[in-house]
Amino acid sequence: MGDYLSGLWTVFETYNVLDAFWVNIQLTFWAGLFALALGTVLAIMRISPIASLRFVGTAYVNIIRNTPLTIIMTFMILALVFQLALELSSDLTTSFFRFAIVGLAIYHASFVCEAIRSGVNTVPLGQAEAARAIGLPFLDSARLVILPQAFRGAIAPLGSVLIALMKNSTVAAAASVTTETSSVMKVAIEFNPNYLLEIFGVFAIGWLILVIPVGLLTTWLSERLAVKR
Amino acid sequence: MDTVTTDDAPTSPRDLGDALVELKGVNKHFGALHVLQNIELTVHQGEVVVVIGPSGSGKSTLCRAINRLETIDDGEITVDGTPLPEEGRALAHLRADVGMVFQSFNLFAHKTVLDNVTLGPRKVRRVPKAQAESEAMALLERVGVDSQAHKMPAQLSGGQQQRVAIARALAMRPKVMLFDEPTSALDPEMVNEVLDVMVSLAREGMTMIVVTHEMGFARKAADRVVFMADGQIVEEAEPDEFFTNPQSTRARDFLSKILSH
Ligand SMILES: Nc1ncnc2c1ncn2[C@@H]1O[C@H](COP(=O)(O)OP(=O)(O)O)[C@@H](O)[C@H]1O
Ligand SMILES: [Mg+2]
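Residues numbered from 1 in each chain as written. Chains lettered and ligands numbered in written order. Predicted model: local features only at pLDDT ≥ 70, side-chain atom pairs only at ≥ 80, totals over all residues. Heavy atoms only, no water.

- Chain B goes by Amino acid ABC transporter ATP-binding protein in an unreviewed UniProt entry, where it is assigned to Myceligenerans indicum.
- Checking UniProt for chain B, the heading Sequence similarities (unreviewed entry) contains the comment "Belongs to the ABC transporter superfamily."
- Chain B has a UniProt comment under Subcellular location (unreviewed entry) that states "Cell membrane". (UniProt positions renumbered as here; feature names shortened; annotations may be inferred.)

- The name given to chain A in an unreviewed UniProt entry is Amino acid ABC transporter permease, with the source organism recorded as Myceligenerans indicum.
- Regarding chain A, the UniProt comment filed under Sequence similarities (unreviewed entry) reads as follows: "Belongs to the binding-protein-dependent transport system permease family. HisMQ subfamily."
- A UniProt comment under Subcellular location (unreviewed entry) is attached to chain A, and it reads "Cell membrane".

A closer look at the sheet that holds strand 6 (residues 98–101) of chain B
Residues and elements named next belong to chain B.
Inference 1: A sheet is described by the order of its strands in space; here 6 strands give the open sequence 6-7-8-3-9-10, paired in mixed fashion. For this open sheet the edge positions go to strand 6 and strand 10 (232–237), each flanked by a neighbour on one side alone. Averaged over all pairs of adjacent strands, the angle between their axes in this sheet comes to 20°, without regard to strand direction.
Inference 2: Where strand 9 (residues 224–229) and strand 10 come together, 5 bridges link them in antiparallel fashion. By the bridge assignment, Val 226 is partnered in strand 10 with Glu 236. (Pairing = 2+ DSSP bridges. Helix = DSSP H or I, 4+ residues; strand = E, 2+ residues; numbered from the N terminus. Axes fitted to C-alpha atoms, helices over the stretch in contact; angles between N-to-C directions.)

Quick look at the nonpolar core
Inference 1: In terms of nonpolar packing, the biggest core is built from 53 residues, with B:Ile166, B:Met177, B:Met208 and B:Phe217 touching the most fellow members.
Inference 2: Looking at this core, the element that brings in the most residues is helix 6 (residues 188–203) of chain B, giving 9 residues.
Inference 3: Once you skip the residues sitting within four places of it in the chain, B:Met208 turns out to touch B:Glu47, B:Val48, B:Val49, B:Met177, B:Phe179, B:Met198, B:Leu201, B:Ala202 and B:Phe217.
Inference 4: Residues A:Ala130, A:Ile134, A:Leu136 and B:Leu23 belong to the second largest nonpolar core, which totals 40 residues. (Core = buried A, V, L, I, M, F, W, Y, C linked by side-chain atoms within 4.5 Å. Buried < 20%, exposed > 50% of the residue type's maximum accessible area, 1.4 Å probe, protein only. Contact = heavy atoms within 4.5 Å.)

A closer look at the interface of chain A and chain B
Inference 1: Listed per partner, the contact involves 19 residues of chain A and 24 residues of chain B.
Inference 2: Carbon and sulfur atoms make up 63% of the area that chain A and chain B hide from each other, which totals about 1900 Å².
Inference 3: Put simply, chain A and chain B have 1 salt bridge between them.
Inference 4: A salt bridge links B:Arg64 to A:Glu129; the shortest N-O distance between them is 2.6 Å.
Inference 5: Here chain A is connected to chain B by 6 residue pairs in polar contact (both at pLDDT 80 or more).
Inference 6: If one sorts the elements of the side of chain A that touches chain B by residue count, helix 6 (residues 125–133) of chain A sits on top with 7 residues. (Buried area = accessible area lost by both parts, 1.4 Å probe. Salt bridge = Lys/Arg side-chain N within 4 Å of Asp/Glu carboxyl O. Polar contact = N/O pair within 3.5 Å; in protein donor to acceptor, adjacent residues only side chain to side chain.)

Right, here's the structure in full:
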């Protein structure tokens, strides 16, 4: 029993689980921020009165949403880093890390866009008409009247996108960002197969601890911030 | 045709200014439905025109066409001599000069009453915040809801919300105000508080186009009643003349229906 525990302890001394999770959290944070910005721009394009912008927004969402994330991530690394020799930092590890963020952001922006559009659908048409009637041009109506209400109506679906992004951040392994949970867990299990269930259990619980509060928080927020009509 | 033209006879007892809103040969279709048919209408500076007619006759569409919330197929609409711009900034500028009050109030649900009224002046007219707020408070006082300034729209009664909506439109200092059935969504006991505000606006010389079935308002405040049916202007007359002696059979039918209860 003592051997078992000290052996398990050694495993987690060798492989720093917290550091691994920290990488996922950082990936999620930055990719989430960029995805939110890009997704908002896409949503504005999709509700704009200009047909060409609507077309571009729709095309982006339909293409990106239907491409597997691993393919986008692999493309970021193989095509951009190795073929085109693009770099986002002189340090290769940092460069990989940043490309992983870009790939995650590009992919999840399409889901953010659709979440915001579902929020726009909760805003009655009369709100936009009233905004136009006082002389607000499209961008001001969107920024000041429609989006603030749409975001409140989109908190729950945005929460789902965030949870998907957290979990998908493990696909960064495809972009050679190694110090994150999926790669660490794989290596840990490979070298300590006798602790397979325990190692798996620790990572699974770690993910639950990360994901469950996000779900609870967004449910709570979406009720609290709901626009009263 | 039992249309009565009033083109050459000035129908109003008041002195009217220049033409402010002009519709010439305006047509609009919704698919196969010819919802506005050859509409000719001139509203003068300071004039109050009540538009009346059966449901589905095109009154809302007419109202919405005047600030281009609906596009038209052909014809011309001018406001203060300027034809309605197609889109973009120029259209936004024109809309700022045309106040609109909706049946369903449409107050910005995420903003306080005060912010509802200051949003247009601040973002469209670039009025500084403090000035916009003091002007907004004066307007809210005028429509009798200044004590509600810091509440959210959903906390107000329908009548209060509609008075805020009127204040919001007035804050832009519009040249003309459009009202599309402003009291139809209200509980009966709140109708008068809104009509009173509208009557006082009319007395102060505001140019108004009002879609309503409130005959009391029409008699008290209107210079002219325009009767619409099936997308056409069928009859125009002074209120007393129209209500006591309608010329067209359709207007007679319609009035008998709204008077019979
Ligand atoms: N956006 C629309 N699309 C199609 N038909 C419409 C639309 N808006 C109104 N209509 C139709 O046009 C007609 C006139 O509508 P409206 O102007 O709202 O009449 P009113 O205000 O006099 O009741 C109605 O038959 C209505 O169903
Ligand atoms: Mg109507």
